[in-house]
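A closer look at the structure
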Amino acid sequence: MASTEATARLGTETLQDLARRHLWLHFTRMSAYDDAEIPIIVRGEGCYVYDQHGKRYLDGLSALFCVNIGHGRADVAQAGADQAKDLGFFTNWSYAHPPAIELAARVASLAPGDLNRVFFTSGGSEAVESALKLARQYHKLRGNSQKTKFIAREIAYHGTSLGALAATGVTGLRTPFEPLAPGGSHVMNTNTYRMAPGVSEEAFAESIAERIEFEGPETVAAVILEPVQNAGGCFTPPEGYFQRVREICDEYDVLLISDEVICSWGRLGEWFGSQRYDYTPDVITTAKALTSAYAPMGAVIVSDRIAEPFMSGLNSFTHGFTFGGHPVCAAIALANLDVLENEGVIENVRAHEAEFRSMLESLRDLPIVGDVRGAGYFQAIELVKDQETQETFDDDESEVLLRGFLSGELYRRGLICRADDRGDPVIQLSPPLIAGPEQFAEIEAILRTVLTEAGERMHVPGAHAGAPRDPQRRQPA
Ligand SMILES: Cc1ncc(COP(=O)(O)O)c(C=O)c1O
């Protein structure tokens, strides 16, 4: 129990001091903790985690869409320890080892269609980066060296490394690092709650064809899309969307990359999100719950057709990462897949998805709830200023609502979920796939209380007049 032991040895105050002085949190305003405690999570068990004071939280986000089998599985940890004793590390640069071989074969057996070739990475951004490079080299090997561009969707998040960031469609994440790697452009996402007047659902897929034509089909390498788009709040595809995208990609010889860093390993009630929506991509990128995050690992899963030109003669995929396919991570991934397969975890999502969703739908009686959407155990609530008109909060109001109140208050009441305004403000819920009615009831109770107060604070019509807005109130970010 290493982190429990460290907490006992160092004490909570020293841990706080050391965290403040030395630890740089990702995507975090460190100044938010000048006079507030940094949340320090020490251990986890099932759907719950415990902080440095021993306080329990429902992990309604699976530690950032990762811990699909739940926390604290000693058997999965043991699989890593056992492997470390045999072979702690060897690289996949020119060499293979049994855990990577077995895992590649297992992943191929679960993946849709002829996606049979697996290239391992250490995480999601590396997987996306690798897929984009693979698409370019694939076209070059086939004599189409002009095909270098890729198309993604507005507000989509595909990672932070410079190549992946060019696919990410969140302006605020891009501008601090411009100029980005060239080649990325963005089309409309499948936000049906806020469709522009006169736009039909068919236009979502057609916008990809139009962009390919605009760029010049001979210059476009790939389209990268999530089955359900995370950023913006769980945008699901309308009926027929991916079938039409598949046709468009085939017509223009453009690779379809399904970015399933979140949407695979049962999150949507299937092994892969593409299976839920019945399409076969050319390439799948995955990470996070491949190991349920008991160790860092990602993968690019490639169809035989796309892998073929790399497999003959002097050709190779001229790309790699030292830790790709790490044997300890691969052993843990295999143990994780055993749990998903043998313990009915994915079946649990299918069995309880409707109940999870109807619990969230029941919150629509709160005037601040504008929309509820998502699939499987991946759902979002969009918050609005006016339920009737769907008016959204402006940037300043969003700041007050999300960072000034919701994030801190939900955490204080024992629920970890995500209050996000990369698009319009949403709360995202993505609990471990072992969650059921007991956790749904807890989530509902906390959300109802906190969203009621949020509506009052923001003077949403229909919410009771309550406490005045107080943007200065400090909460953990
Ligand atoms: C769809 C998608 N792609 C890529 C990434 C990047 O993954 P990572 O943070 O492991 O680099 C993420 C991370 O959340 C993601 O959701």
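It should be noted that the structure appears before, not after, this text.
Attention here is on the structure that accompanies the text.

Parameters at a glance
- Residues numbered from 1 in each chain as written.
- Predicted model: local features only at pLDDT ≥ 70, side-chain atom pairs only at ≥ 80, totals over all residues.
- Heavy atoms only, no water.
- Phe/Tyr/Trp six-rings, centres within 6.5 Å; stacked < 30°, edge-to-face > 60°.
- Helix = DSSP H or I, 4+ residues; strand = E, 2+ residues; numbered from the N terminus.
- Buried < 20%, exposed > 50% of the residue type's maximum accessible area, 1.4 Å probe, protein only.
- Pairing = 2+ DSSP bridges.
- Axes fitted to C-alpha atoms, helices over the stretch in contact; angles between N-to-C directions.
- Contact = heavy atoms within 4.5 Å.

What follows concerns the packing of aromatic side chains. Here the structure, examined in full by the defined rule, presents 14 aromatic pairs. With a centroid separation of 5.5 Å and 85° between ring planes, the pair formed by Phe 89 and Phe 323 is classed as edge-to-face. Separated by 234 residues along the polypeptide, Phe 89 in the loop between helix H4 (74-86) and helix H5 (98-110) and Phe 323 in the loop between helix H12 (304-307) and helix H13 (327-342) bring together distant segments of the chain. Ring plane angle 25° and centroid distance 5.0 Å describe the contact between Phe 356 and Phe 440, whose orientation is recorded as stacked. With a gap of 84 residues between them, Phe 356 in helix H14 (residues 345-361) and Phe 440 in helix H16 (residues 437-457) connect regions that are remote in the sequence. Each member of the pair, Phe 356 as well as Phe 440, is classed as buried.

Adjacent strands of a sheet pair through backbone hydrogen bonds, lying either parallel or antiparallel. The sheet built from four strands is open, its strands ordered S11-S12-S15-S14 with antiparallel pairing. In the strand order of this sheet, the two ends are held by strand S11 (369-375) and strand S14 (418-420), each with one partner. Each strand of the sheet is rotated relative to its neighbour by a mean of 20°, with strand direction disregarded. As paired elements, S11 and strand S12 (residues 378-383) share six bridges and run antiparallel to each other. If you follow Gly 374 over to S12, its bridge partner there is Gln 379. Contacts between helix H15 (residues 395-412) and the sheet are confined to S12, S14 and strand S15 (426-429), with S14 contributing the most and set at about 175° to the helix. Across the face of the sheet, H16 comes into contact with S11, S12 and S15 while running at roughly 170° to S15.

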